[in-house]
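# Observations on chain architecture
What follows is each chain in one-letter form.
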Amino acid sequence: IQLTQTTSSDDGHQDALSSPPQQPQPQHYDNDHDDIFDDEPPTTTTSSSPNDLLKETATPWSPSGTWWRDMLHFVGPGWFVSIAYVDPGNYQADIQAGATSRYSLLFVVWWTSLLSIYVQILCVRLAYYGNVTLAEAQARHFRSNQWRYWNWALAELSTVITDLPEVIGIGIACHVFFGWPYYVGVILSLLTTMAFLATLNCGMRVLEAIVFFFVAIMSVALFLEMEFVGVSTDEMLQGWWGGFQSVGTQDIFAMTGVVGAVVMPHNLYLHTAACQARPVAHARHVNQAVRWSSLEPVLPILVSFFVNLAIVAISAEKVYGTDGAAQVGLTDFCQSFSKLKGGCILWAIALLAAGQSSAITTTFTGQYVMDGFLQMELPLQWRAIVTRLVAITPCILVSVLFPHQLNRMVNIVNSSLSFLLPFAFTPLVKYNCSPQIMGRHNASRGVEMVILHSFAVAVWMINAVALSVQGGGFLGDLRAHVVEQQNDTTSAVNWNYYAILALEIPLQLFYAGWNWYVLRTPIQEASQEIPQSEDQADPYADNQLDVDVREDETPSHYENGNGNSLPNGRGMENGHSEPDPSAFSIDNDDDED
């Protein structure tokens, strides 16, 4: 909503109601910043915010009257975020699932894919109803800088370790094609990723088209591979719908790897940001935009499921039952079907497409995480370079120091992403149920709120159990290993066992306490402050509904559609007398007022 008043001055130009706040302002859960001006007319500037760039290069949408045109307008972000479901980390999880359990864990891939559709819908709702990215919402929810920096570190960590399998996948593909060491392809990915991100200057749709092209390449390559290998259709369908019947504790690590690889925490930040490339021209069209944007990810996610199914099937048919099957992964997968003509080439093509497209999206996500939490005033190009360097540095070190342990490390990354998922998913649930952010009529209520909170608790509980139980691949397995060593020695006190407990108990308490705090702490309306620079103007100035100001009208407040009220206290520069901008009442419901 844009509030404007014009008054004639001596030189004939008009002044706009866009002066900066003169005192600390209430939080509005919006992060649109405009250049401010006093006596001079506004000038065009280049914003350093990724949000601003997307909105400046996108045309605000209004219904065209033709359903298929409106549908096509919103096609793009769903394919962009679907990369997270078919990245090299997913490939590794699928290989492990097929190699260790044949088709039994296929049901986990299916149900997590369906869950992820609902998760992406929650991202769409937050992006449009809250007009905010997930990172921005978290920065405003956590009032103290300590909490804000801590949550930024967790979000940055999830983005960085997500990037590990992506660029390693590029290194492996280059090794298959040219015989290069892994680290050469990893370093090369820095240049190729920055080149693709440069296309943002041509608009977001160009980058979305590139990602779609990569998805198409990997899909065709893997479907051909599956056709060459041949699959057991009956056994595949049994694992798809009834695989849970044969799951044991030995499968917990592989299951958490699948969950972490499919529902990645960085993807929640990515989708709320990608929706900014589809702004809406008028507040009354927001509900329609949410409907189209909620339907749009369904097809990409279903396509990604069948890509994952193909890899599970190939692994089940070619790796399961062989010597060292549990250790097979990205680096040596193609050796299992190297006798097939072109088998390794098709695998390398799929791996390269997945790795490169995923590296693009993780860098894109890192920019929004940095901007949302820290509001760093860096030019977009430098922000991309810094984000890429932060993400790729540990990848280079891993590929140089541990070239023979890459498969194991990718397995650990996938399970770690599952453990980190609540740090993004629980806040997403919280904000979707908050009238202060979503608006009174848009927040999840009643049965849906109970279901969402139950999902958040279930995701936390599954990962908490996996952290401590034997077979989960983490501290539970480590404790069991220490106990076995104790039985082989005559030492009376096993200090390593107590050291693990000293780490495990505080970690579990923090894990449970953080999720409880996020879910149960109310969001106080108009009280969450985040440091802002003095040159940030009214956060509603970019929206499209103009409202005339009459100096004889003095209602007490206006509402922005999110249920947030703006109190008195802002005036205009240049000595002009004017009413307070809070002197209006605006409703953002779906009516024709």
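The residue numbering used here restarts from 1 in each chain and proceeds along that chain's sequence as written. Only residues with pLDDT of at least 70 are given local features in this predicted model, and only at 80 or more are side-chain atom pairs given and counted; all residues enter the totals for whole chains, interfaces and linings. Hydrogens and waters are ignored; side-chain quantities use all the structure's heavy atoms.

### Brief notes about a nonpolar patch on the surface
Each patch is built from residues lacking any salt bridge and having more than 30% relative accessible area; the joining distance is 9 Å for like charges and 5 Å for nonpolar side chains (Val, Leu, Ile, Met, Phe, Trp, Tyr). Every accessible area reported is derived by Shrake-Rupley at a probe size of 1.4 Å, with residue values counting cover from the shown protein chains alone. A pair is scored as a salt bridge if a Lys or Arg side-chain nitrogen falls within 4 Å of a carboxyl oxygen belonging to Asp or Glu. On the surface, Phe177, Phe178, Trp180, Leu188, Leu191, Ile345 and Leu352 cluster together into a nonpolar patch covering about 620 Å² of accessible area. Listed by contribution, the elements that provide at least two residues to the nonpolar patch are helix H7 (145-178), helix H8 (182-197) and helix H15 (343-374). Relative to the elements of secondary structure, Ile345 occurs in helix H15. A relative accessible area of 42% means that Ile345 is categorised as partly exposed. Comment: elements are numbered from the N terminus, with helices defined as DSSP H or I runs of at least four residues and strands as E runs of at least two. For each residue, the accessible area found with a 1.4 Å probe, counting protein chains only, is set against the maximum for its type, and the residue is called buried under 20%, exposed over 50%, and partly exposed in between.

### Structural notes on the packing of H7 against helix H12 (residues 265-274)
Each axis is a line fitted through C-alpha atoms, taken for helices only over the stretch in contact, and angles between the N-to-C directions span 0 to 180 degrees. Between H7 and H12, the shortest axis-to-axis distance is 8 Å and the interhelical angle comes to 105°. As the angle between them shows, H7 and H12 are arranged roughly perpendicular. Contacts from Ala155, Ser158, Thr159 and Thr162 of H7 reach H12 at Pro265, His266 and Tyr269. Taken together, the residues of the contact of H7 with H12 sort by class into three nonpolar, four polar and no charged. Roughly parallel means an angle under 35 degrees; roughly antiparallel means over 145; roughly perpendicular covers 65 to 115; every other angle is labelled oblique. Whether two residues touch is decided by their heavy atoms; if any such pair falls within 4.5 Å, the residues are in contact. Charged residues are taken to be Asp, Glu, Lys and Arg, nonpolar residues to be Ala, Val, Leu, Ile, Met, Phe, Trp, Tyr, Cys and Pro, and polar residues to be all remaining types, Gly included.

### Quick look at the layout of surface pockets
Points on a 1 Å grid over protein atoms alone make up a cavity when a 1.4 Å probe fits among them but cannot get out, and a pocket when they form an open set with protein on both sides within 12 Å along at least five of seven lines; lining residues each have an atom within 4 Å of a point. Grid points are joined across faces, edges and corners, and a volume is the space filled by probe spheres set on the points. Approximately 530 Å³ is the volume attributed to the second largest pocket. Lining the second largest pocket are 19 residues, and of these Thr112, Met255, Val259, Ala458 and Ile462 sit closest to its centre. Of the residues that constitute the lining of the second largest pocket, the class distribution is 15 nonpolar, four polar and no charged.

### So, the packing of aromatic side chains
Put simply, two rings from Phe, Tyr or Trp (the six-membered ring, in Trp's case) pair if the centres are within 6.5 Å, and we call them stacked under 30 degrees between planes, edge-to-face over 60, tilted for the rest. Under the criterion given, the structure shown has 29 aromatic pairs. Residues Phe305 and Phe306 carry aromatic rings whose centres are separated by 5.2 Å and whose planes lie at 70° to one another, so their mutual orientation is edge-to-face. Ring geometry for Tyr497 against Tyr498: centres 5.9 Å apart, planes inclined by 90°, an arrangement best described as edge-to-face. Chaining the aromatic ring pairs together yields one cluster made of Phe142, Trp147, Trp150, Phe419, Phe423, Phe510, Tyr511, Trp514 and Tyr517.

### Details of unusual backbone geometry
Despite not being glycine, Arg102 shows a phi value in the positive range, around 60°. With respect to the secondary-structure elements, Arg102 resides in the loop between helix H4 (88-101) and helix H5 (106-129). Residues other than glycine seldom take positive phi values, yet Asn131 does so here, at roughly 50°. Here Asn131 is to be found in the loop between H5 and helix H6 (134-141). Exposure remark for Asn131: the relative accessible area of 18% places this residue in the buried category.

### Focus: the packing of H6 against H15
Where H6 meets H15, the axes come as close as 7 Å, and the angle between the chain directions of the two elements is 25°. Classed by the angle they form, the pair H6 and H15 counts as roughly parallel. Of the two possible hands of crossing, H6 and H15 adopt the one that is right-handed. Touching Ala135, Glu136, Gln138, Ala139 and Arg140 of H6 are Tyr368, Val369, Asp371, Gly372 and Phe373, all from H15. Its residues assigned to classes, the contact of H6 with H15 shows five nonpolar, two polar and three charged. Handedness of each helix crossing follows the sense of rotation of the near helix against the far helix: counterclockwise by less than a right angle gives left-handed, clockwise gives right-handed.

### Regarding the confidence of the model for the protein
Considering every residue of the protein, the mean pLDDT works out to 77; 76% of them sit at 70 or more. Think of pLDDT as the predictor's per-residue confidence, scored from 0 to 100. The spread of mean pLDDT over the elements of the protein runs between strand S2 (residues 546-547), the lowest at 38, and helix H18 (residues 422-432), the highest at 95. Low confidence marks residues 1-47, where pLDDT is under 50. Its contacts with residues over four positions away, or in another chain, come to 125 contacts.

### Regarding the pattern of salt bridges
Taken as a whole, this structure holds five salt bridges when the rule is applied. Of the charged contacts, one joins Glu448 and Arg125 as a salt bridge, the two residues approaching to 2.7 Å between their closest N and O atoms. You can see Glu448 sitting in helix H20 (residues 446-468) and its partner Arg125 sitting in helix H5, a full 323 residues away along the chain. The partner of Arg479 in a salt bridge is Glu504, with the nearest N and O atoms 2.8 Å apart. Of this pair, Arg479 sits in helix H21 (residues 475-487) while Glu504 sits in helix H22 (residues 495-520); the two residues are 25 residues apart in sequence, bridging distant segments of the chain. Classification of Glu504 as buried rests on a relative accessible area of 6%. Connected through salt bridges with shared partners, the residues Arg102, Glu235 and Glu317 form a single ionic network.

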